[in-house]
Amino acid sequence: LLEINSRVETTYDDEPLDDEYNYLSSSVDPLQKLLELETTLSNMQSTTEKLSHHALWSKSMRDARQRMYSDEILPAASLLLQLQKTLVVLEDLPGNEERAASLATLSREFDESLRPGLKKALKADDVVRLRMYLNIFRNMDDVAGFESLYVSARCSILSLTWEEKRNERRRRRRKRSG
């Protein structure tokens, strides 16, 4: 910047200055102009980033929903994490409340879509698969969500087991009395 400033100062040393140029050169410092241009460029880059995130929001939401109902659990979790980060970037733009609500709904749907697989892993005592589910929730910074889902799935399995045992006892009693 100093080199540019010195070139600007020395370039016009030999030329006569008219009154209009004197007014402009005295009121506009080249360094100040460069700082203003840098600020403008930074603002334009930030705006471009926000607009590109905004444009991809709906597509990412659709992709995440499609993947979470297929066997692509990890990519769906990754998209949800990306959407959470994007929500922070887009917080200054209109419609933030709707985006937050739709992401919260999608997150709940994702948790519910994981429930059958988690139950299956619990029934089979599949530690590898359980660890995968835990890692998904860790990546989403939601270990409490995993714990809640785990407890709920475990309780559901226990309830079903108890119900099966109860029904089995009832059948035995009917056979004995019948």
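The structure under discussion appears in the preceding block.
Residues numbered from 1 in each chain as written. Predicted model: local features only at pLDDT ≥ 70, side-chain atom pairs only at ≥ 80, totals over all residues. Heavy atoms only, no water.

Right, let's get into unusual backbone geometry. As a rule of thumb, non-glycine residues mostly have phi less than zero, and peptide bonds are mostly trans rather than cis. Although it is not a glycine, Asp-125 adopts a positive phi angle of roughly 50°. What makes Asp-125 exposed here is its relative accessible area of 57%. (Buried < 20%, exposed > 50% of the residue type's maximum accessible area, 1.4 Å probe, protein only.)

Of all hydrophobic cores here, the largest spans 29 residues; its most connected members are Trp-57, Leu-83, Leu-103, Leu-106, Phe-110, Leu-114 and Leu-118. The set of elements that each furnish at least two residues to this core consists of helix H3 (30–68), helix H4 (73–89), helix H5 (96–123), helix H6 (127–139) and helix H7 (143–177). In contact with Leu-114, other than residues within four places in its own chain, are Ile-73, Tyr-133, Phe-137 and Leu-149. (Core = buried A, V, L, I, M, F, W, Y, C linked by side-chain atoms within 4.5 Å. Helix = DSSP H or I, 4+ residues; strand = E, 2+ residues; numbered from the N terminus. Contact = heavy atoms within 4.5 Å.)

Turning our eyes to something else, we now look at the layout of surface pockets. One number sums up the size of the second largest pocket: a volume of about 230 Å³. Considering the residues around the second largest pocket, the lining is formed by 14 residues, among which Ser-70, Asp-71, Ile-73, Arg-129 and Tyr-133 are closest to the centre. Contributing elements (two or more residues each) for the lining of the second largest pocket: H5 and H6. Per-element tally for the lining of the second largest pocket: the top contributor is H5, with six residues. Across the lining of the second largest pocket, the residue classes tally to eight nonpolar, three polar and three charged. (1 Å grid on protein atoms, 1.4 Å probe; cavity = no way out; pocket = protein on both sides within 12 Å on 5 of 7 lines; lining within 4 Å. Points joined across faces, edges and corners; volume = space filled by probe spheres on them. Nonpolar A, V, L, I, M, F, W, Y, C, P; charged D, E, K, R; others polar.)

Between H4 and H5, the least distance of the axes is 11 Å, while the angle of their chain directions is 160°. Put simply, H4 runs roughly antiparallel to H5. Judged by the twist between their axes, the crossing of H4 over H5 is left-handed. Where H4 approaches H5, its residues Ile-73, Ala-76, Ala-77, Leu-80, Leu-83, Gln-84 and Leu-87 are matched on the opposing element by Asn-96, Arg-99, Ala-100, Leu-103, Leu-106, Ser-107, Phe-110 and Leu-114. The residue makeup of the contact of H4 with H5, split by class, is 11 nonpolar, three polar and one charged. (Axes fitted to C-alpha atoms, helices over the stretch in contact; angles between N-to-C directions. Parallel < 35°, antiparallel > 145°, perpendicular 65-115°, else oblique. Left-handed = near helix turned anticlockwise from the far one by under 90°.)

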